[in-house]
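# Residue-level structure breakdown
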Amino acid sequence: MLSKSDELRDRIEARKHQLLAKLNELKADGRHEAAEARTRVSARLEELEAHLKLGWAKVNDEVRTKLSEWLERRD
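Rules of the game
Residues numbered from 1 in each chain as written. Predicted model: local features only at pLDDT ≥ 70, side-chain atom pairs only at ≥ 80, totals over all residues. Heavy atoms only, no water. Axes fitted to C-alpha atoms, helices over the stretch in contact; angles between N-to-C directions. Helix = DSSP H or I, 4+ residues; strand = E, 2+ residues; numbered from the N terminus. Parallel < 35°, antiparallel > 145°, perpendicular 65-115°, else oblique. Left-handed = near helix turned anticlockwise from the far one by under 90°. Contact = heavy atoms within 4.5 Å. Nonpolar A, V, L, I, M, F, W, Y, C, P; charged D, E, K, R; others polar.

### Description of the packing of helix α1 (residues 4-27) against helix α3 (residues 61-72)
Viewed as axis vectors pointing N to C, α1 and α3 meet at an angle of 40°, and their least axial separation amounts to 10 Å. One element, α1, and the other, α3, form an angle in the oblique class. Here α1 runs over α3; the crossing is left-handed. Contacts between α1 and α3 involve Ser-5, Leu-8, Arg-11, Ile-12, Arg-15 and Leu-19 from the former and Arg-64, Leu-67, Ser-68, Trp-70 and Leu-71 from the latter. Broken down by class, the residue content of the contact of α1 with α3 amounts to 6 nonpolar, 2 polar and 3 charged.

What follows is the structure, given as C-alpha coordinates:
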(Lines give C-alpha, C1' and ligand atoms only; values in the text may rest on other atoms or scores of the structure.)
Protein backbone atom coordinates (compact mmCIF):
# COMPACT_ATOMS: atom_id res chain seq x y z
CA MET A 1 0.00 0.00 0.00
CA LEU A 2 1.25 3.46 -0.89
CA SER A 3 1.96 5.98 1.81
CA LYS A 4 0.42 9.43 1.53
CA SER A 5 3.79 10.81 0.44
CA ASP A 6 4.13 8.17 -2.28
CA GLU A 7 0.59 8.85 -3.47
CA LEU A 8 1.26 12.60 -3.57
CA ARG A 9 4.47 12.00 -5.50
CA ASP A 10 2.66 9.81 -8.05
CA ARG A 11 -0.08 12.42 -8.50
CA ILE A 12 2.48 15.21 -8.86
CA GLU A 13 4.48 13.24 -11.43
CA ALA A 14 1.33 12.45 -13.43
CA ARG A 15 0.26 16.12 -13.48
CA LYS A 16 3.79 17.20 -14.38
CA HIS A 17 3.77 14.85 -17.38
CA GLN A 18 0.38 16.21 -18.45
CA LEU A 19 1.69 19.76 -18.29
CA LEU A 20 4.86 18.85 -20.19
CA ALA A 21 2.76 17.21 -22.91
CA LYS A 22 0.54 20.29 -23.10
CA LEU A 23 3.61 22.53 -23.29
CA ASN A 24 4.97 20.52 -26.21
CA GLU A 25 1.64 20.83 -28.03
CA LEU A 26 1.59 24.57 -27.43
CA LYS A 27 5.12 24.98 -28.74
CA ALA A 28 3.89 23.78 -32.13
CA ASP A 29 1.06 26.32 -32.14
CA GLY A 30 2.00 29.76 -33.44
CA ARG A 31 -1.11 31.62 -32.30
CA HIS A 32 -0.88 34.42 -29.74
CA GLU A 33 -3.24 32.56 -27.41
CA ALA A 34 -0.92 29.56 -27.50
CA ALA A 35 2.01 31.75 -26.51
CA GLU A 36 0.07 33.01 -23.50
CA ALA A 37 -0.90 29.46 -22.55
CA ARG A 38 2.75 28.38 -22.92
CA THR A 39 3.73 31.09 -20.46
CA ARG A 40 1.12 29.92 -17.94
CA VAL A 41 2.10 26.25 -18.25
CA SER A 42 5.79 27.10 -17.95
CA ALA A 43 5.08 29.14 -14.82
CA ARG A 44 3.21 26.20 -13.27
CA LEU A 45 6.13 23.87 -13.99
CA GLU A 46 8.62 26.38 -12.58
CA GLU A 47 6.50 26.69 -9.44
CA LEU A 48 6.58 22.92 -9.04
CA GLU A 49 10.35 22.83 -9.47
CA ALA A 50 10.71 25.57 -6.83
CA HIS A 51 8.70 23.46 -4.35
CA LEU A 52 10.89 20.44 -5.09
CA LYS A 53 14.25 22.21 -5.31
CA LEU A 54 15.69 20.08 -2.50
CA GLY A 55 14.28 16.84 -3.90
CA TRP A 56 11.58 14.48 -2.71
CA ALA A 57 13.70 13.24 0.18
CA LYS A 58 13.60 16.71 1.77
CA VAL A 59 9.85 17.32 1.37
CA ASN A 60 8.35 18.34 4.72
CA ASP A 61 4.75 18.98 5.80
CA GLU A 62 4.83 22.59 4.62
CA VAL A 63 6.00 21.58 1.14
CA ARG A 64 3.45 18.72 1.04
CA THR A 65 0.71 21.26 1.71
CA LYS A 66 1.99 23.53 -1.06
CA LEU A 67 2.20 20.58 -3.45
CA SER A 68 -1.36 19.54 -2.62
CA GLU A 69 -2.54 23.09 -3.28
CA TRP A 70 -0.58 23.10 -6.54
CA LEU A 71 -2.39 19.92 -7.62
CA GLU A 72 -5.81 21.30 -6.72
CA ARG A 73 -5.40 24.36 -8.94
CA ARG A 74 -6.62 23.82 -12.48
CA ASP A 75 -5.68 26.70 -14.71
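Next comes the rest of the account.
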